[in-house]
Amino acid sequence: MKTKIFADANLTVGEISPNLYGSFIEHLGRAVYEGIYEPNHPTADENGFRRDVIGLIRELGVPVVRYPGGNFLSGYDWRDGIGPKEKRPTRLDLAWFTTEPNEFGTDEFMKWCRVAGIEPMMAVNMGTGTIRDAAQLVEYCNHEGGTDISEMRKANGSVEPYHVRYWCIGNEMDGPWQIGHLTADEYGKKALEAAKVMRWANGGMVEKNKKWSQTPLKLIVSGSSNHEMKTFPEWDRIVLENTYKQVDYLSMHRYYMYSEERENPLEDFLGSADDMHEYIGTLRATIEYVRAKVRSKKQVKISFDEWNIWSVTAPRLEPLWKKAPHLLEDVYTFRDALVFAGLMNTLLNNCDVVKLGCLAQLVNVIAPIMTEKGGRTFKQTTFYPFKYIANYAKGETVRTFSDSDTFENMYGTARYINEAVCHDRQNGRVSVSLCNYSGSSREVELELRSFGDLEGEMYLEMANSDLAATNGFDRPDEVVPSEREVPAVKDGKVSLRLPPMSWSFVTFRTK
Ligand code: AHR
């Protein structure tokens, strides 16, 4: 069976924001401790940051990282994580039932971001936190000096402000599991007041290159935790109606899971990418509805700041109240990588509205990078689609027209061939990410029109007869992409044969 996919360079979906390839570090399990921070590790720098991990994060191509949570955020007092380490309190973390030593906090994160070449995306606590705490954290990070709070930052070693631009106002406030969970109206009102005072606290002018200017804040209001919430999409409507004029992004979260307990485990899992597209579509429409209702010309965008595959139902194997326990250490299969690649295609195909994305998470906790205490690292199966797409799929996404056949699943109908075509005009590159979700090999005819004279550059393929294959510390290269001979392009047409259950990534250069 042949699938025809047509793309024309003039029919663009939108610009791909580099921040679509962001990620997330929460004080959860071993993400921070033994993940990015391990002073006794042989590769640790003078700050205690694991250089081996930073190297892998650079390889992935992550430009922005959200911090410090997650559910952890809603019980966190940022003041606990600053100042001399020996004076910082040890606290119970009621989100994950662990002990938080506060050896790593805001200043360490900012330093880590600088070393790793990453833009910080901070979050303020809307669970146990007040709007005052939120405004004062902005002041701590962004105010020049001369106030008690900004002088604290200076005394803690950072004379220059951090100029943090991205701020999440709370986390998953719609979820009863959240510390200090609120109703949509309660949260909407609190988020509006928080946004106001955060902007006011940031209002001071800063001198940059001998010119006075401001670091404008980009504020992200907490949307639905997933589209199975009973409150979805009313939550999003109400929250936006309260906050539209003060915020820049609506957040959305979603994890997909493979479950043997479902009637059609494989089909239901493979339907994830098309389901994610529907979910984004509903929120896109909700934003438009509210924009019309509040008579705003401003376009609020989506920050998809938690997305991934996660076996949410996996039992907890670690006792309560441990410091940095092994939590949520999912080991990803080849099948996970296939669905993961489809989710990335969906983000790209909605890049006109999804302007920020955070793969949740980055190290050890449902993560593409795993570490051993004092030892090795390995790259999960999902590392590879992320790495290649983030590094090559830049510029614009181009609309595709496909005659792929479809299959039914618990979410509805999904395509067997799932694709994203991206055009990096600046570097003269076209990249095509293709998932074959069928159990047979498929011929694909790609017609790439108006891109100029193209020639093949790179052709990678991930295929494996064992859908459950994984990587690990002792078998790090079990599931990796293999290189194929670059395909010929004739009159803009390219023929590919996709193996059953595979992900392919092909790039072309303009001659
Ligand atoms: O990423 C793991 C958790 O998933 C986050 O803490 C929370 O925001 C979400 O429920």
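Procedures and definitions
- Numbers given to residues run from 1 along each chain, matching the order in which its sequence is written.
- Where local features are concerned, this predicted model is filtered to residues with pLDDT of at least 70; where side-chain atom pairs are given and counted, the filter is 80 or more; whole-chain, interface and lining totals use all residues.
- Where side-chain values are given, they derive from all heavy atoms of the structure, hydrogens and water being excluded.
- Strands are runs of DSSP state E lasting at least 2 residues, helices are runs of H or I lasting at least 4, and numbering of each runs from the N terminus.
- Note that the radius of gyration is over C-alpha atoms, with the globule rule given as 2.2 Å times the number of residues to the power 0.38.
- Type-normalised accessible area, obtained with a 1.4 Å probe on protein chains alone, sets the label of each residue: buried when under 20%, exposed when over 50%, and partly exposed for intermediate values.
- Throughout, a contact is declared for two residues whenever any of their heavy atoms are within 4.5 Å.
- The charge count treats Lys and Arg as positive and Asp and Glu as negative. His and the chain ends do not count.
- Every charge is mapped to an atom, namely NZ of Lys, CZ of Arg, CG of Asp or CD of Glu.
- Pairs of cysteine sulfur atoms within 2.5 Å are what we label disulfides.
- Whether a residue is near a molecule or strand depends on its heavy atoms: it is near if one of them lies within 4 Å of it.
- Polar contacts, as used here, are pairs of N or O atoms within 3.5 Å; protein pairs need one atom able to donate a hydrogen and one able to accept it. Residues neighboring in sequence count only if both atoms are side-chain atoms.
- Using a 1.4 Å probe, accessible areas were evaluated by the Shrake-Rupley method; residue-level cover was limited to the displayed protein chains.
- Basically, the charged four are Asp, Glu, Lys and Arg, the nonpolar ten are Ala, Val, Leu, Ile, Met, Phe, Trp, Tyr, Cys and Pro, and anything else, Gly included, counts as polar.
- Whether two strands pair depends on DSSP finding at least two bridges between them.
- Here the axes come from fitting lines to C-alpha atoms, over the contacting stretch only for helices, and the angles between their N-to-C directions go from 0 to 180 degrees.
- In what follows, salt bridge is the name for a side-chain nitrogen of Lys or Arg lying within 4 Å of a carboxyl oxygen of Asp or Glu.
- Domain extents, as shown, originate in an automatic or database domain assignment.
- Buried area is calculated as the accessible area (1.4 Å probe) missing from two parts once they are joined, with the contributions of both summed.
- By this rule, a helix spans an expected 1.5 Å times one less than how many residues it contains.
- Any angle from 65 to 115 degrees is called roughly perpendicular, while one under 35 is roughly parallel, one over 145 is roughly antiparallel, and all others are oblique.
- Residues belong to one nonpolar core when they are buried, are Ala, Val, Leu, Ile, Met, Phe, Trp, Tyr or Cys, and are joined through side-chain atoms within 4.5 Å.

The helix and strand tally for the chain stands at 10 helices and 25 strands. Computed over the C-alpha atoms, the radius of gyration of the chain is 23 Å, within 12% of the 24 Å expected from 2.2 N^0.38 for a compact globule of 511 residues. Taken along the three principal axes of its C-alpha coordinates, the chain extends 70 × 55 × 50 Å. Looking at the chain as a whole, 60% of its 511 residues qualify as buried. Across the chain, contacts joining residues at least 24 apart in sequence account for 77% of those joining residues at least 6 apart. In the chain, 61 positive and 72 negative side-chain charges are present, and the distance between their average locations comes to 5 Å.

What follows concerns the state of the cysteines. In protein structure, a disulfide is the covalent linkage between the sulfur atoms of two cysteines. In the structure shown here, the tally under the stated rule is zero disulfides. Cys-422 supplies the cysteine sulfur nearest to Cys-351, a cysteine that is in no disulfide, at a spacing of 7.2 Å. By relative accessible area, Cys-351 is classed as buried at 0%. The thiol sulfur of Cys-358 is not disulfide-bonded, and the nearest other cysteine sulfur, from Cys-168, lies at 6.8 Å.

Around the ligand, the structure places Phe-24, Glu-26, Gly-70, Asn-71, Trp-96, Asn-171, Glu-172, Tyr-255, Glu-306, Trp-310, Gln-361 and Ile-366. Between the ligand and Glu-26 there is a distance of 2.6 Å, counted from an oxygen atom to a side-chain nitrogen or oxygen. Here Asn-171 contributes a side-chain N or O atom positioned 3.0 Å from an oxygen atom of the ligand. Burial of the ligand by the protein amounts to 95% of the accessible area it has alone, namely 280 Å². Among the residues forming the shell around the ligand, the class breakdown is five nonpolar, four polar and three charged.

Now for the sheet that holds strand E1 (residues 2-15). Sheet architecture is open: nine strands sit in the order E23-E22-E25-E20-E19-E16-E1-E21-E24, paired in mixed fashion. Looking along the sheet, the strands with just one partner apiece sit at the ends: strand E23 (482-483) and strand E24 (493-498). Two elements, E1 and strand E21 (residues 442-449), share seven bridges in a ladder whose sense is parallel. Within E21, the position partnered with Thr-3 by the bridge is Val-444. This element, helix H10 (residues 383-392), spans strand E20 (429-436), strand E22 (454-463) and strand E25 (502-510) of the sheet and lies at about 20° to E25.

Attention now moves to the pattern of salt bridges. Opposite charge on two side chains lets them pair, provided their charged atoms get close. With the rule as written, the count across this model stands at 38 salt bridges. Of the charged contacts in the structure, one is a salt bridge between Glu-306 and Arg-66, with a shortest N-O distance of 2.9 Å. One end of the pair, Glu-306, is in strand E12 (residues 301-309); the other, Arg-66, is in strand E3 (residues 64-67), with 240 residues separating them in the sequence. Just as Glu-306 is buried, Arg-66 falls in that class too. Taken together, the shared-partner salt bridges in this structure form one network comprising Glu-234, Arg-237, Glu-241 and Lys-293.

What follows concerns the domain arrangement of the chain. Considered domain by domain, the chain is made up of domain 1 (2-8 + 399-510) and domain 2 (62-363). For domain 1 and domain 2, the distance between their C-alpha centres works out to 32 Å. It is Tyr-411, Tyr-437 and Leu-467 that lose the most area in domain 1 upon contact with domain 2, and together they represent 31% of the buried surface on that side. For the pair domain 1 and domain 2, the interface holds one salt bridge. Arg-415 is paired through a salt bridge with Asp-274; the nearest N and O atoms lie 2.9 Å apart. At the junction of domain 1 and domain 2, the tally comes to 11 residue pairs in polar contact (both at pLDDT 80 or more). Elements supplying a minimum of two residues to the side of domain 1 that touches domain 2: strand E17 (406-409), strand E18 (412-415), strand E19 (417-424), E20, E22 and E25. With four residues, the single largest contributor to the side of domain 1 that touches domain 2 is E19.

A word on the pairing of E1. Of the pairings in the sheet, the one linking E1 to strand E16 (residues 396-402) comprises six bridges and is antiparallel in character. If you follow Glu-15 over to E16, its bridge partner there is Glu-396.

Now for helix H5 (residues 184-201). Between its terminal C-alpha atoms H5 stretches 25 Å, which fits the 26 Å expected from 18 residues at 1.5 Å a residue. Those residues of H5 that sit buried are Ala-184, Tyr-187, Gly-188, Ala-191, Ala-194, Ala-195, Val-197 and Met-198. Along its buried surface, H5 packs onto strand E6 (119-124), helix H3 (131-142), strand E7 (166-169), strand E10 (218-221) and helix H6 (234-243).

With that out of the way, let us pick up the packing of helix H1 (residues 51-60) against H10. At a closest axis distance of 8 Å, the pairing of H1 and H10 adopts a crossing angle of 55°. The angle between H1 and H10 falls in the class oblique. Every residue of H10 that contacts H1 at Leu-56, Glu-59 and Leu-60 is listed here: Phe-383, Phe-386, Lys-387, Ala-390 and Asn-391.

The next subject is the nonpolar core. Of all hydrophobic cores here, the largest spans 141 residues; its most connected members are Trp-112, Trp-167 and Ile-169. Ranked by residue count, the leading element in this core is helix H9 (residues 334-349), at 10 residues. Counting only domains with at least three residues in this core, you end up with domain 1 (2-8 + 399-510) and domain 2 (62-363). In contact with Ile-169, other than residues within four places in its own chain, are Val-124, Met-126, Tyr-187, Ala-191, Ala-194, Ala-195, Met-198, Leu-219, Ile-220, Ser-222 and Val-247. Ala-7, Ala-9, Val-421 and Val-432 belong to the second-largest nonpolar core, a separate cluster that totals 20 residues.

What follows covers unusual backbone geometry. A cis geometry characterises the amide bond from Tyr-67 onward to Pro-68, with omega recorded as 5°. Its place among the elements puts Pro-68 in the loop between E3 and strand E4 (91-93). The omega torsion across Ala-360 and Gln-361 is 0°, close enough to zero to call that bond cis. Phi at Ala-324 is positive, roughly 45°, even though this residue is not glycine. Here Ala-324 lies in the loop between E12 and H9. Phi angles above zero are rare outside glycine, and Asp-491 is one such case at about 50°. Relative to the assigned elements, Asp-491 resides in the loop between E23 and E24.

In this section: the sheet that holds E10. Around the barrel, which closes on itself, the eight strands sit in the order E2-E3-E6-E7-E10-E11-E12-E13 with parallel pairing between neighbours. Going from strand to strand, the sheet's axes swing by 30° on average, the running direction of each strand aside.

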